[in-house]
Amino acid sequence: GSLTASLILNRVSGGTGWRINRDLIDQLLSLHEDFASRIAPSTPRLDTILTVRGVVDLIEDEADEATAERRTGDIMTGFVKALDSLIAARTSEGARLAEVLASQLDEIVRLTAAAESLAVLRPEAIKARIKEQLAALMDAEPNLPEDRLVQELALIAAKADVREELDRLKAHITAARELLASDDAIGRRLDFLCQEFNREANTLCSKASDVALTRRGLDLKAVIEQFREQVQNVE
C-alpha cells in the first residue's frame, strides 16, 4: 500500500500581502485591443481582470532561519505523533481482528470434528452404502462389463468416503493458525487458503449422501465465507 500525508499551514496574523502583476495586465489589455476589430468589444472590467490567474498573487514574508527551523521541528514532531497514533490504531485493530479470525477457525474446527464423528462416515457404514449402491447398479444393468463395473465401483467408493476432504480441512486449519501467529504480511496467503477451505467444503457437500453431513458442509461454507470476508482486512 501507500501512505499520503498532507499539511496545511494557516497564518493566524500578519506576514501576508498582495502582488499585482502589472505586466500581465498590460498584456491582457493589449490582447483586448488586438481583437477588438474582429470581436464585438466591451470595456474590460477590473474585477474580471483580477480573477485571471497570475494577475494577483498572495505573498508571504519569509521567516528567519531560526523561526523556519523551529516551525519545521514542530511539523516533524506532529507528523511523528500522527504516525505513532496510526500505528497504535492499526495494532489495536489487528489484535481485535486476530481474535475474530481465531474464533472463526475454532468454529471450523468444531464443525469439521462434528462431520468426522457422524455415523455415516464410519467404515462399516461406508461399506454398507457401497454394497447398497453396487446392488442397485447391478439391478439396473445386470450385464454390465467387468471393466465398467470396476470403474463404477471406484466412483461409488470415492464418493462415499469424505475422509480425504476432512483431512485437508484440518491441514488448512493448521496452516491458517501458523499464518496468524506470523509477523509477516499474510493477507494474500490467507485469502488463497480461504479458497482451499471453500473447495473442500464444496466437495464435502457434493459427496454427502446424508442430510446431517450436508448440513455440516453448509455450516462450514457459511463460516468459511465469514472468515474470508474478515481476511480482506488483513495486510
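Structure shown above.
As the structure is a prediction and not an experimental result, all values here were calculated from the model. Sequence order as written defines residue numbering, which begins from 1 separately in each chain. Reporting in this predicted model follows two pLDDT cut-offs: at least 70 for local features of residues, and 80 or more for side-chain atom pairs to be given and counted; totals over whole chains, interfaces and linings ignore these cut-offs and use all residues. Note: side-chain values were computed over all heavy atoms of the structure, leaving out hydrogens and water.

How should a nonpolar patch on the surface be read in this particular structure?
Think of a patch as exposed residues, more than 30% relative accessible area, with no salt bridge, where like charges cluster within 9 Å and nonpolar side chains (Val, Leu, Ile, Met, Phe, Trp, Tyr) cluster within 5 Å. Exposure was quantified through the Shrake-Rupley algorithm and a 1.4 Å probe, taking into account, for residues, occlusion by the shown protein chains and nothing else. By definition, a salt bridge exists where a carboxyl oxygen of Asp or Glu is found within 4 Å of a side-chain nitrogen of Lys or Arg. Residues Ile 20, Leu 46 and Leu 50 make up a contiguous nonpolar surface patch of roughly 270 Å² in combined accessible area. Here a strand is any run of E in DSSP of at least two residues, a helix any run of H or I of at least four, and the numbering for each starts at the N terminus. Counting through the fold element by element, Ile 20 comes out in strand β1 (residues 16–20). Ile 20 gets classed as partly exposed once you look at its relative accessible area, which sits at 38%. Exposed residues in this analysis have more than 50% of their type's maximum accessible area, buried residues have under 20%, and partly exposed residues fall in between, with area computed by a 1.4 Å probe over protein chains only.

Sorry if this is basic, but what is going on with helix α3 (residues 65–116) here?
Note on helix geometry: an α-helix contains 3.6 residues per turn, so any two residues three or four positions apart are oriented the same way. Taking 1.5 Å of rise per residue, 52 residues should cover 76 Å, and α3 covers 75 Å from first to last C-alpha, within 8% of that figure. Among all positions in α3, only Leu 97, Leu 101, Gln 104, Leu 105, Ile 108, Leu 111, Thr 112, Ala 114 and Ala 115 are buried. Contacts: residue pairs with any heavy atoms within 4.5 Å of one another. Close packing links the buried residues of α3 with α6 (163–180), α7 (187–207) and α8 (211–231). Any helix carries an expected span of 1.5 Å times its number of residues minus one.

I'm lost on the packing of α7 against α8 in this one. Help?
Packed helix pairs are specified by the crossing angle of their axes together with the interaxial distance, meaning the distance between the axes. Axis definition: a line fit to C-alpha positions, over the contact stretch in the case of helices; interaxial angles, taken between N-to-C directions, run 0 to 180 degrees. Following both chains from N to C, one finds α7 and α8 inclined at 165 degrees, their axes separated by 9 Å at the closest point. The orientation of α7 relative to α8 falls into the category roughly antiparallel. Between α7 and α8 lies a crossing of left-handed hand. Facing α7, whose interface residues are Gly 187, Leu 190, Asp 191, Cys 194, Phe 197, Asn 198, Ala 201, Asn 202, Leu 204 and Cys 205, α8 presents Leu 213, Thr 214, Gly 217, Leu 218, Leu 220, Lys 221, Ile 224, Phe 227, Arg 228 and Val 231. The classification used treats Ala, Val, Leu, Ile, Met, Phe, Trp, Tyr, Cys and Pro as nonpolar, Asp, Glu, Lys and Arg as charged, and all other residues, Gly among them, as polar. Here the residues of the contact of α7 with α8 sort into 12 nonpolar, five polar and three charged. With respect to orientation, any angle under 35 degrees is reported as roughly parallel, any angle over 145 as roughly antiparallel, any angle of 65 to 115 as roughly perpendicular, and every other angle as oblique. The sense of a crossing depends on the near helix, which, turned anticlockwise from the far helix by less than a right angle, makes the crossing left-handed and, turned clockwise, makes it right-handed.

Where do I start with the pattern of salt bridges in this structure?
A side chain with one charge can pair with a side chain of the opposite charge if their charged atoms come near. Scanning the model with the defined rule gives 10 salt bridges in all. As a salt-bridge pair, Lys 170 and Glu 116 come within 2.8 Å of each other at their nearest N and O atoms. With Lys 170 in helix α6 and Glu 116 in helix α3, this pair connects stretches of sequence that are 54 residues apart. You can call Lys 170 partly exposed: its relative accessible area is 35%. As a salt-bridge pair, Glu 196 and Arg 199 come within 2.5 Å of each other at their nearest N and O atoms. Of this pair, Glu 196 and Arg 199 both sit in helix α7, three residues apart, which is roughly one turn of the helix. Classification of Glu 196 by relative accessible area gives buried; the value is 17%. Judged by relative accessible area, Arg 199 falls into the partly exposed class, the value being 42%. Through salt bridges with shared partners, one network takes in Glu 164, Glu 165, Arg 168 and Glu 200.

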